[in-house]
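# Structural characterization, general
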Amino acid sequence: MRRWLWPALTVAGLALLLALGSCTSTPAFRGPDGRPRDGSVAEMTDLMLNGVRQRIWLRGTNTRNPLLVLVHGGPGASESPLFRAFVPELEQHFLVVYWEQRGTGRSFDPPIPGETMRIEQFVADLHALIDAMRTRFGAGPAIVVAHSWGTAPGLLHAARHPGDVLAYVGIAQVVDMPAGERMSWQAALDEAERRRDAAAIAALRTIGPPPHDVDAMLVSRRWNERLGGAFHAPDLSTGALIWRALQQSEVGLYDLWLFGRGNRWSLERLWPEFSQLRLWHMRHLDVPVFLIQGRHDRQVPSSLAETWFRTVSAPFRRLFPFEESAHNPPFEQPAAFVEVIVRHVTPLAGSDCAAATPNLPAGVSVQQ
């Protein structure tokens, strides 16, 4: 075969692989007769939210169940397949909306105006999404479950649109990005020095303390993860999560390619604003507030969220430290996460907020 054919065949092969990997679907909920269950929904679709096409997955055994909207972390890092992989039990109790935010996953599109990649735009997109879901399904207010970066637009939305929100649940809640980034870098350096890890020490000292640009931040994040600040469970890592995500029928190799592009594209546009975000002033909310914090989180240090939580006034509030988790409680302690959402958050959010918290799952404590 002529040598000049190899590059063409390689490109063609890659294109074919990506095309095959773009064929995805979400399985229906089926009854004993094998037919789709009446009243259920299992759908992947696109919505126009404030002028930008955005991908959502809708899954639930009963569309009359409470609406639960997942606001993923990142920025630009879809966690939809991870929530599907680790905590699919949520779909038995809620109508779950898996949302890929603008610039993320199948919502990634380079023509998206760069000036719209602002936190306020994501708050507006979340508001439009909940409004569309409530209109379509005749649903009441939503339980908003936000993780990491997603807690910024999630919390701001809950404060500004309390009529949309039955309860706000922040996981690895962002409170003070400048302080958190400094603490995260210092914690990684301290751990590297404790372990006498010369490579980590050199890398972290080379970038120096924050403020960091995107490249330096990613170096800090990478070493933080390797040194135990992102995952407490020894068998979990970013690579392990990506592999688990690829086992889901909703994603393929094309989504992995989009993940890389969208994550970097979103970070470059959002990081200058996000890295300076402080939310200490958010001290009164008109919705129940629940925080789920990994005790070992050094990526978004849990101590900041716990300090902020003690200042918050809300109709009802609870903080759940997950004792065996770092930055990712839904994926590190999935059974406990589901139990907290189903048995603790939902009943209390819908009550007169006077009920006592019942027994907690192993590995979880509570603060009031």
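This report concerns the structure included in the present document. (Residues numbered from 1 in each chain as written. Predicted model: local features only at pLDDT ≥ 70, side-chain atom pairs only at ≥ 80, totals over all residues. Heavy atoms only, no water.)

Right, let's get into helix 5 (residues 151-160). Along an α-helix, a turn takes 3.6 residues, which lines up residues three or four apart on a common side. Counted residue by residue, helix 5 has eight buried out of ten residues, so it is predominantly covered. Turning to helix 5, its buried residues number three or more, namely T151, A152, P153, G154, L155, L156, H157 and A158. In this fold, the buried residues of helix 5 make contact with strand 3 (67-71), helix 4 (119-137), strand 5 (142-147), strand 6 (165-171), helix 10 (253-274) and helix 11 (302-309). (Buried < 20%, exposed > 50% of the residue type's maximum accessible area, 1.4 Å probe, protein only. Helix = DSSP H or I, 4+ residues; strand = E, 2+ residues; numbered from the N terminus. Contact = heavy atoms within 4.5 Å.)

Here we take up the environment of L258. Mapped onto the fold, L258 is located in helix 10. Given a relative accessible area of 4%, L258 falls into the buried group. In the structure, L258 is positioned 232 residues away from T26 in sequence and 19 Å away in space, judged by C-alpha atoms. Each residue touching L258, except ones within four places of it in the same chain, is listed here: G105, R106, F108 and N263.

A separate point is the pairing of strand 3. Along strand 3, five of the five residues are buried, which leaves the element largely enclosed by surrounding structure. Going residue by residue along strand 3, you find L67, V69 and V71 tucked away on one face and L68 and L70 tucked away on the opposite face as well. Both strand 3 and strand 4 (residues 95-99) contribute to a ladder of five bridges, which runs parallel. Looking across to strand 4, one finds that V69 is bridged to V97. Two strands pair when backbone bridges link them, and strand 3 and strand 5 are joined in this way by four bridges, in the parallel orientation. Bridge pairing links V71 to A146 in strand 5. (Pairing = 2+ DSSP bridges.)

We now examine helix 6 (residues 177-195). Taking 1.5 Å per residue as the helical rise, helix 6 with its 19 residues ought to reach 27 Å, and the 27 Å between its terminal C-alpha atoms agrees with that figure. Buried positions along helix 6 lie against helix 7 (198-207), helix 8 (214-226), helix 10 and helix 11. Sitting at the head of helix 6, D176 places a side-chain oxygen 3.0 Å from the backbone nitrogen of A179. At the exit of helix 6 stands R196, carrying a positive phi of roughly 55 degrees. (Expected span 1.5 Å × (residues − 1). Polar contact = N/O pair within 3.5 Å; in protein donor to acceptor, adjacent residues only side chain to side chain.)

Attention now goes to the sheet that holds strand 1 (residues 41-49). Taken in spatial order, the eight strands line up as 1-2-4-3-5-6-7-8 in an open sheet, and their pairing is mixed. The sheet terminates laterally at strand 1 and strand 8 (317-322), the two strands that pair on one side only. Along the sheet, successive strands turn relative to each other by an average axial angle of 20 degrees, direction set aside. Two strands pair when backbone bridges link them, and strand 7 (residues 289-294) and strand 8 are joined in this way by six bridges, in the parallel orientation. Each bridged residue has a counterpart across the sheet, and for L291 the counterpart in strand 8 is L319. (Axes fitted to C-alpha atoms, helices over the stretch in contact; angles between N-to-C directions.)

A separate point is a nonpolar patch on the surface. Judged by side-chain polarity, I242, L253 and L256 come together as a nonpolar surface patch covering roughly 200 Å² of accessible area. Relative to the elements of secondary structure, L256 occurs in helix 10. (Patch = residues over 30% accessible without salt bridge, like charges linked within 9 Å, V, L, I, M, F, W, Y side chains within 5 Å. Areas by Shrake-Rupley, 256 points an atom, 1.4 Å probe, with all protein chains shown as cover. Salt bridge = Lys/Arg side-chain N within 4 Å of Asp/Glu carboxyl O.)

A few words on the side chain of S107. Position of S107 relative to the elements: it lies in the loop between strand 4 and helix 4. Classification of S107 by relative accessible area gives buried; the value is 0%. Dropping the residues within four chain positions of it, S107 is found in contact with R53, Q54, R55, E100, Q101, R102 and I112.

Turning our attention to the packing of helix 7 against helix 8. Close contact between helix 7 and helix 8 brings their axes to 10 Å; oriented N to C, the two are set at 155 degrees. Overall, the two elements helix 7 and helix 8 adopt an arrangement that is roughly antiparallel. Our pair here, helix 7 against helix 8, has a crossing hand that is left-handed. In contact with A199, A200, A203, L204 and I207 of helix 7, helix 8 contributes A216, V219, S220 and W223. In the contact of helix 7 with helix 8, the residues fall into eight nonpolar, one polar and no charged. (Parallel < 35°, antiparallel > 145°, perpendicular 65-115°, else oblique. Left-handed = near helix turned anticlockwise from the far one by under 90°. Nonpolar A, V, L, I, M, F, W, Y, C, P; charged D, E, K, R; others polar.)

What follows concerns the packing of aromatic side chains. Two descriptors summarise a pair of aromatic rings, namely the distance from one centre to the other and the angle between the planes of the rings. Enumeration over the complete set of coordinates arrives at ten aromatic pairs. Ring geometry for F83 against F337: centres 6.4 Å apart, planes inclined by 55 degrees, an arrangement best described as tilted. Separated by 254 residues along the polypeptide, F83 in helix 2 (residues 80-86) and F337 in helix 13 (residues 334-349) bring together distant segments of the chain. Aromatic side chains F86 and F331 sit 5.3 Å apart centroid to centroid with 45 degrees between the ring planes, which places their arrangement in the tilted category. A residue pair is termed long-range when its members are at least 10 positions apart, and F86 in helix 2 and F331 in helix 12 (residues 329-332) qualify at 245 residues. The same class applies to F86 and to F331, which are both buried. Three or more aromatic residues link up through ring pairs in this structure, and these residues are F83, F86, F331 and F337. (Phe/Tyr/Trp six-rings, centres within 6.5 Å; stacked < 30°, edge-to-face > 60°.)

Let's shift gears to the pattern of salt bridges. Applying the stated rule across the entire model yields 20 salt bridges. Between E306 and R295 there is a salt bridge, with its nearest N and O atoms 3.6 Å apart. A residue pair is termed long-range when its members are at least 10 positions apart, and E306 in helix 11 and R295 in the loop between strand 7 and helix 11 qualify at eleven residues. The exposure class of R295 is partly exposed, given its relative accessible area of 34%. Three or more residues joined by partner-sharing salt bridges are found here, namely R59, R84, E91 and E250.

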